[in-house]
Amino acid sequence: MVSRRDLGSWLEGPPQSNMQQWPGQRLGLPQTGSGSIARPGRRIAALLIDWLLCYAIANAFLGGGQLAILGVFAVEQLLLVGTLGYSIGHRLLGIQVRKLDGSAPGLLPAVVRTVLLCLVIPAVIFDADQRGLHDRAMGTILIRR
């Protein structure tokens, strides 16, 4: 027979003592401010800025096709995230991509991360630390500067 206590714990999920209180807590990141996880609003706004810039560049120089826009976006992500750790949208909104040890991502993680980001699905599936599959695959994280 199921007791009320068992049913309550099932409906409420795992015990609160095992749950993290904010994204990034289990990774040792602060709750807010510099070094904290970049929240979805900033991420989406940065992505929108990057996409609009890539759209403008593709329209001006490459005829504006969908593959041209995606190609410009991929090149931007590869070059800027791979070398600097941030795209133009990231820079404007004060966020950056870092490895879990705090170092810059580097070229190989930027390549894999960009391919997965361009596939879209890995970027919209994320964990409790708000890391998309593209970030988890390469051991990177998007944090506030």
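In the block above lies the structure referred to throughout.
A few points on the structure.

Thresholds, definitions, all that
- Residues numbered from 1 in each chain as written.
- Predicted model: local features only at pLDDT ≥ 70, side-chain atom pairs only at ≥ 80, totals over all residues.
- Heavy atoms only, no water.
- Helix = DSSP H or I, 4+ residues; strand = E, 2+ residues; numbered from the N terminus.
- Buried < 20%, exposed > 50% of the residue type's maximum accessible area, 1.4 Å probe, protein only.
- Lys, Arg positive; Asp, Glu negative; His and termini not counted.
- Salt bridge = Lys/Arg side-chain N within 4 Å of Asp/Glu carboxyl O.
- Polar contact = N/O pair within 3.5 Å; in protein donor to acceptor, adjacent residues only side chain to side chain.
- Contact = heavy atoms within 4.5 Å.
- Pairing = 2+ DSSP bridges.
- Expected span 1.5 Å × (residues − 1).
- Axes fitted to C-alpha atoms, helices over the stretch in contact; angles between N-to-C directions.
- Parallel < 35°, antiparallel > 145°, perpendicular 65-115°, else oblique.
- Left-handed = near helix turned anticlockwise from the far one by under 90°.
- Nonpolar A, V, L, I, M, F, W, Y, C, P; charged D, E, K, R; others polar.
- Phe/Tyr/Trp six-rings, centres within 6.5 Å; stacked < 30°, edge-to-face > 60°.
- Lys NZ or Arg CZ within 6 Å of the ring centre and 35° of its normal.
- 1 Å grid on protein atoms, 1.4 Å probe; cavity = no way out; pocket = protein on both sides within 12 Å on 5 of 7 lines; lining within 4 Å.
- Points joined across faces, edges and corners; volume = space filled by probe spheres on them.

1. Notes on the side chain of glutamate 76
Link 1 in the chain: Tracing the backbone shows glutamate 76 in helix α3 (residues 66-83).
Link 2 in the chain: Salt bridges are absent for the buried glutamate 76, whose nearest opposite-charge side chain, arginine 113, sits at 9.5 Å.
Link 3 in the chain: In this structure the side chain of glutamate 76 is engaged in a polar contact, spanning 3.4 Å, whose partner is the backbone nitrogen of isoleucine 88.
Link 4 in the chain: Beyond its immediate stretch of four places on either side in the chain, glutamate 76 contacts Asp50, Cys54, Val81, Ser87 and Ile88.

2. Some thoughts on the pairing of strand β2 (residues 140-144)
Link 1 in the chain: The buried fraction of β2 amounts to four of the five residues, a majority that puts the element mostly inside the structure.
Link 2 in the chain: Judged from the five bridges that link them, strand β1 (residues 95-99) and β2 form a sheet pairing that is antiparallel. When the bridges of β2 are listed, glutamine 96 appears paired with isoleucine 143.

3. What about α3?
Link 1 in the chain: Look at α3: 26 Å from first C-alpha to last across 18 residues, which is about the 26 Å you get at 1.5 Å a residue.
Link 2 in the chain: Those residues of α3 that sit buried are Ala68, Ile69, Val72, Phe73, Ala74, Glu76, Gln77, Val81 and Gly82.
Link 3 in the chain: Its buried side turned inward, α3 meets α2 (40-61), α4 (88-93), β1 and α5 (107-118).
Link 4 in the chain: Just beyond α3, the residue with positive phi is glycine 85, at close to 95°.

4. Some points on the packing of α2 against α3
Link 1 in the chain: At a minimum axis distance of 8 Å, the contact between α2 and α3 shows a crossing angle of 120°. By the criterion of interaxial angle, the relationship of α2 to α3 is oblique. Note that α2 runs across α3; the crossing there is right-handed. Mapping the contact onto sequence places Leu47, Asp50, Trp51, Cys54, Tyr55, Ile57 and Ala58 in α2 and Ala68, Ile69, Leu70, Val72, Phe73, Glu76 and Gln77 in α3.
Link 2 in the chain: By residue class, the composition of the contact of α2 with α3 is eleven nonpolar, one polar and two charged.

5. Remarks on the packing of aromatic side chains
Link 1 in the chain: In total, this model carries one aromatic pair according to the counting rule given.
Link 2 in the chain: Over the face of the ring belonging to tyrosine 86 we find arginine 145, whose NZ or CZ atom lies 6.0 Å from the ring centre.

6. What to know about the layout of surface pockets
Sizing a probe to match a water molecule and rolling it over the atoms shows the empty space that remains.
Link 1 in the chain: Roughly 540 Å³ of volume is contained in the largest pocket.
Link 2 in the chain: Taken together, 23 residues make up the lining of the largest pocket; nearest its centre are Arg43, Leu47, Leu117, Ala123 and His134.
Link 3 in the chain: Elements represented by at least two residues in the lining of the largest pocket include exactly α2, α3, α5, α6 (121-124) and α7 (133-138).
Link 4 in the chain: In the lining of the largest pocket, the residues fall into 13 nonpolar, five polar and five charged.

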